[in-house]
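Okay, here's what each chain looks like letter by letter:
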Amino acid sequence: MLNIREIVIKIADIRAYSENLRVFRLTLPEGSGFSFVPGQFVMVSLPGFAAANGRKIAKSYSIASSPSETGILELCIALYPSGALSPKLFQKNVGDEVVVTGPYGVFQLKQSIQSGTVFMAGGTGLAPLMSMLRSLYAGGYNEKLWLFYSASEPKLFLFKEELLGYQKNNNLQLIASTSRPDNTWEWEKGRVTDTFPSFLHQLQGDGVPSESRQFYICGPPLMVSDTVKMLEQIGFKKENIHKEQW
Ligand SMILES: Cc1cc2nc3c(=O)[nH]c(=O)nc-3n(C[C@H](O)[C@H](O)[C@H](O)COP(=O)(O)OP(=O)(O)OC[C@H]3O[C@@H](n4cnc5c(N)ncnc54)[C@H](O)[C@@H]3O)c2cc1C
């Protein structure tokens, strides 16, 4: 049984991918009792920071770390320069405190993961899928899984080295892409709706029947709706498509 907790928590590390994308690692205090399932999110607010009317400003962020990495919560946060909370979060430094409430959300892996399951992410939508993949690989999973992941530009390829490691060692079929490749980009061009059709034949070659193929999709609303539409047009089943969007 998961319990909702509110915890004041320290920023242990900040990795800046660009001026607009950061990965925050938060250290849970010992004995916090916080637990979560891969795919869930937390509400983040700042101590003493509220709207003009006095209401606390709290925003949702998916957890990218795995529950197997005890004591750590990792969040991938995009900056919305005119936003209420993200610009304040981007002013924070290592050692500063944030308030985390959660976990929340029902976007979770089905209990028995099926070989050939497809994960599809756009931008920070990788976060909850990363938690799922990390937790599977931490548990020794080595059946074939697919990840179609599109970053808006090459430098925003989140967790690149780690994902390439899973591709090399854990049977992850990684199809990374960007719509704006530069001359350093070694992977695919376009969004997941561009790359998926090119790999469909290869995907079907792994022998999983289309009617039981499972999908986990996360990203911006348009990316998710376009992807779901494409999958349904190809003939994949609606009830096997699990999604989260923001
Ligand atoms: C379940 C869930 C999980 C989420 N996980 C993440 C995550 O892992 N990483 C992450 O960065 N965000 C995530 N979000 C989005 C996050 O909660 C905030 O909405 C986002 O950080 C903007 O908050 P803000 O207070 O800075 O901006 P706001 O004050 O909410 O908005 C500022 C301006 O930006 C625009 N805007 C806000 N969000 C978007 C958007 N997504 N696309 C385009 N324009 C937008 C608004 O229309 C407004 O004009 C998630 C949301 C949900 C519901």
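Here the structure is shown first, and the text comes after it.
Residues numbered from 1 in each chain as written. Predicted model: local features only at pLDDT ≥ 70, side-chain atom pairs only at ≥ 80, totals over all residues. Heavy atoms only, no water.

**Quick look at the pairing of strand S9 (residues 172–178)**
- Counting buried positions over the seven residues of S9 gives six, a clear majority of the element.
- Note that strand S8 (residues 145–151) and S9 share seven bridges and pair parallel. Residue pairing in the sheet places Tyr-149 in a bridge with Ala-176 of S9.
- Note that the unit made of S8, helix H3 (residues 160–169) and S9 has a crossover that is right-handed. (Buried < 20%, exposed > 50% of the residue type's maximum accessible area, 1.4 Å probe, protein only. Helix = DSSP H or I, 4+ residues; strand = E, 2+ residues; numbered from the N terminus. Pairing = 2+ DSSP bridges. Right-handed = clockwise from strand over helix to strand, strands pointing away.)

**Side note on the sheet that holds strand S10 (residues 188–189)**
- If you walk across this open sheet you meet the six strands as S10-S9-S8-S7-S11-S12, and the pairing is parallel. Looking at which strands have only one partner, the edges of the open sheet turn out to be S10 and strand S12 (241–245).
- Judged from the four bridges that link them, strand S7 (residues 118–122) and strand S11 (residues 215–219) form a sheet pairing that is parallel. Among the inter-strand pairings, Phe-119 is bridged to a residue of S11, identified as Tyr-216.
- Contacts between helix H2 (residues 126–138) and the sheet are confined to S7, S8, S9 and S11, with S7 contributing the most and set at about 145 degrees to the helix.
- Along the sheet, helix H5 (residues 221–234) makes contact with S7, S11 and S12, crossing S11 at roughly 155 degrees. (Contact = heavy atoms within 4.5 Å. Axes fitted to C-alpha atoms, helices over the stretch in contact; angles between N-to-C directions.)

**Focus on the packing of helix H4 (residues 192–204) against H5**
- For the pair H4 and H5, interaxial distance at closest approach is 10 Å and the crossing angle is 25 degrees. The angle between the axes of H4 and H5 places the two elements in the roughly parallel class. For H4 against H5, the interelement crossing comes out right-handed. Where H4 abuts H5, its residues Val-192, Thr-193, Phe-196, Pro-197 and Leu-200 lie against Met-223, Asp-226, Thr-227, Met-230, Leu-231 and Ile-234.
- Along the lines of polarity and charge, the residues of the contact of H4 with H5 split into eight nonpolar, two polar and one charged. (Parallel < 35°, antiparallel > 145°, perpendicular 65-115°, else oblique. Left-handed = near helix turned anticlockwise from the far one by under 90°. Nonpolar A, V, L, I, M, F, W, Y, C, P; charged D, E, K, R; others polar.)

**Comments concerning the site of the ligand**
- Residues in contact with the ligand amount to 18 residues; listed here are only the nearest, Lys-59, Ser-60, Tyr-61, Cys-76 and Ser-86.
- Contacts to the ligand include Leu-85, whose backbone N or O atom sits 2.8 Å from an oxygen atom.
- Interatomic distance of 2.6 Å between a side-chain N/O atom of Ser-86 and an oxygen atom of the ligand.
- Considering the ligand on its own, with 920 Å² of exposed area, one finds that the protein chains cover 67% of that surface. (Near = heavy atom within 4 Å. Polar contact = N/O pair within 3.5 Å; in protein donor to acceptor, adjacent residues only side chain to side chain. Areas by Shrake-Rupley, 256 points an atom, 1.4 Å probe, with all protein chains shown as cover.)

**Comments concerning the state of the cysteines**
- If you walk through the whole model with that rule in mind, you get zero disulfides.
- As a non-bridged cysteine, Cys-76 has Cys-218 as the owner of its nearest cysteine sulfur, 10 Å distant.
- Residue classification places Cys-76 among the buried residues on the basis of a relative accessible area of 6%.
- When its relative accessible area of 0% is taken as the criterion, Cys-218 is described as buried. (Disulfide = S-S within 2.5 Å.)

**Brief notes about the nonpolar core**
- By size, the foremost hydrophobic cluster in this structure holds 34 residues, and its most contacted members are Phe-119, Leu-126, Leu-147, Leu-158, Phe-159, Leu-163 and Leu-172.
- Those elements that provide at least two residues to this core are strand S2 (21–27), S7, H2, S8, H3, S9 and S11.
- Among the elements that take part in this core, H2 stands out by supplying eight residues, more than any other.
- Counting only domains with at least three residues in this core, you end up with domain 1 (5–104) and domain 2 (118–245).
- Ignoring anything within four residues of it in the chain, the contact list for Leu-158 reads Tyr-17, Leu-21, Val-23, Cys-76, Gly-123, Thr-124, Leu-126, Tyr-149 and Leu-163.
- With 23 residues, the next largest nonpolar core counts Ile-7, Leu-28, Val-42 and Leu-75 among its residues. (Core = buried A, V, L, I, M, F, W, Y, C linked by side-chain atoms within 4.5 Å. Domains from an automatic or database assignment.)

Purely spatial values, then, with no claim about function.
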